[in-house]
Amino acid sequence: METISDMFILVGFSYLTRLQILLFLVFLLTYLVILMRNLLIILLIKLNPSLHTPMYFFLLNLSFLEVCYTSSVVPQLLAHLLVEQKTITIVGCAAQMYVFTILGLTECCLLAAMAYDRYIAICNPLHYRTIMSGRVCAQLVAASWTIGISVEVVQITWIFSLPFCGSNRIHHFFCDIPPVVKMACTDTSKNEIVVLTVSVLFIMGPFLLITVSYICIISTILKLPSAEGRRKAFSTCSSHLMVVTLFYGTALFTYLRPKSISTPESDQMISLMYTVVTPVLNPIIYTLRNKEVKGNLLTRCKDI
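As the structure is a prediction and not an experimental result, all values here were calculated from the model.

Caption draft 1: Looking closely at empty space enclosed by the protein. Evaluation of the coordinates by the stated rule reveals 3 cavities of 30 Å³ or more. What the second largest cavity holds in volume is close to 60 Å³. Considering every element that reaches the lining of the second largest cavity, the biggest residue donor is helix α3 (residues 74-82), with 3 residues. When its residues are assigned to classes, the lining of the second largest cavity shows 6 nonpolar, 5 polar and 1 charged.

Right, dumping it as structure tokens:
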């Protein structure tokens, strides 16, 4: 069987021949919305001293991650919707997978750091400023990046040390781990075990920390004497909870579901959820459900 040494073909949405231009316009508009909304949040936080708090520091980093995360996939998808030859070099495929997986795992860890921030704010409010100092926040963000880079560099380097042979057609619109591993012409059971282990430890690990944090948060909120106090306390973490549900819901379903219910078309639809839909919804969730962000945004708009 001939070994693939230079190029893959990303089949993507080729089966929707008549819809290529429409899909291009939809994804282009969505991508521009993602860029504008996330960059607006970044600028808003940077320009307003009242938003220079741990919660908004993490939100700024999350918005930056979302921009990079989406940009690692969507521009190439847009280009491939306009050309007949949807090729990508193996080096380009590896680079895309490095960037995408590093950013994805970093986001998992960052969401856990944000949950810890909300836990301290609600369960230990008197010591919040002391515990969540600027140095601690920077260390949590740095730790998120360190985990994301160190884990995924090892995993992706191992995947691309495999020999690829046979058909060079990847039934996906970007170089994601499962479809690329399927291209290997060797026993990949060890790689699949490693992928599953990484998913359980470094995706479920942060998810477990988030879950424990919210159990403590909800328990504390329910003990508050007034309904107004409970409402205010819950409103400070509801946006984060919604974002976690969106991100983890699609990620867990993608990487931990049985192979028996997986098809190339369903894989692509689910991937669109966490590469396009979730990044476009997150800024909406944070701006619509956050009075401080909305207030500062309205003030800026009036000044303009």
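Caption draft 2: Broad picture of the confidence of the model for the chain. Confidence along the chain averages 85 in pLDDT terms, with 90% of residues attaining 70 or more. In the model of the chain, helix α11 (residues 291-303) stands out as the element of lowest mean pLDDT, 55, in contrast to helix α4 (residues 90-123), which has the highest, 94.

Caption draft 3: Region of the structure containing the packing of aromatic side chains. Counted by the stated rule, this structure contains 12 aromatic pairs. Ring centres of Phe 8 and Phe 164 lie 5.5 Å apart, and the angle between their planes is 85°; on these two criteria the pair is classed as edge-to-face. Taken as a pair, Phe 8 in strand β2 (residues 7-10) and Phe 164 in strand β4 (residues 164-165) lie far apart in primary sequence, 156 residues in all. Taken as a pair, Phe 8 and Phe 164 share a single burial class, namely buried. One aromatic cluster in this structure is built from Phe 13, Phe 27, Tyr 69, Phe 100, Phe 173, Phe 174 and Tyr 274.

Caption draft 4: Structural view of the state of the cysteines. In the structure shown here, the tally under the stated rule is 2 disulfides. Bridging Cys 93 to Cys 175, the disulfide has an S-S length of 2.0 Å. Measuring the twist about the S-S bond at about -125°, one finds the Cys 93-Cys 175 disulfide to be left-handed. In this pair, Cys 93 sits in helix α4 while Cys 175 sits in the loop between β5 (169-170) and α7 (177-181), placing the two residues 82 residues apart along the sequence. Owing to a relative accessible area of 0%, Cys 93 belongs among the buried residues under this scheme. For Cys 165, the disulfide goes to Cys 185, at an S-S distance of 2.2 Å. Placement of the pair is Cys 165 in strand β4 and Cys 185 in the loop between α7 and α8 (189-222), with a sequence separation of 20 residues. Assigning the bonded cysteines of the chain consecutive numbers by sequence position, one obtains the connectivity 1-3, 2-4.

Rules and cut-offs
Residues numbered from 1 in each chain as written. Predicted model: local features only at pLDDT ≥ 70, side-chain atom pairs only at ≥ 80, totals over all residues. Heavy atoms only, no water. 1 Å grid on protein atoms, 1.4 Å probe; cavity = no way out; pocket = protein on both sides within 12 Å on 5 of 7 lines; lining within 4 Å. Points joined across faces, edges and corners; volume = space filled by probe spheres on them. Helix = DSSP H or I, 4+ residues; strand = E, 2+ residues; numbered from the N terminus. Nonpolar A, V, L, I, M, F, W, Y, C, P; charged D, E, K, R; others polar. pLDDT = per-residue confidence, 0-100. Phe/Tyr/Trp six-rings, centres within 6.5 Å; stacked < 30°, edge-to-face > 60°. Buried < 20%, exposed > 50% of the residue type's maximum accessible area, 1.4 Å probe, protein only. Disulfide = S-S within 2.5 Å.

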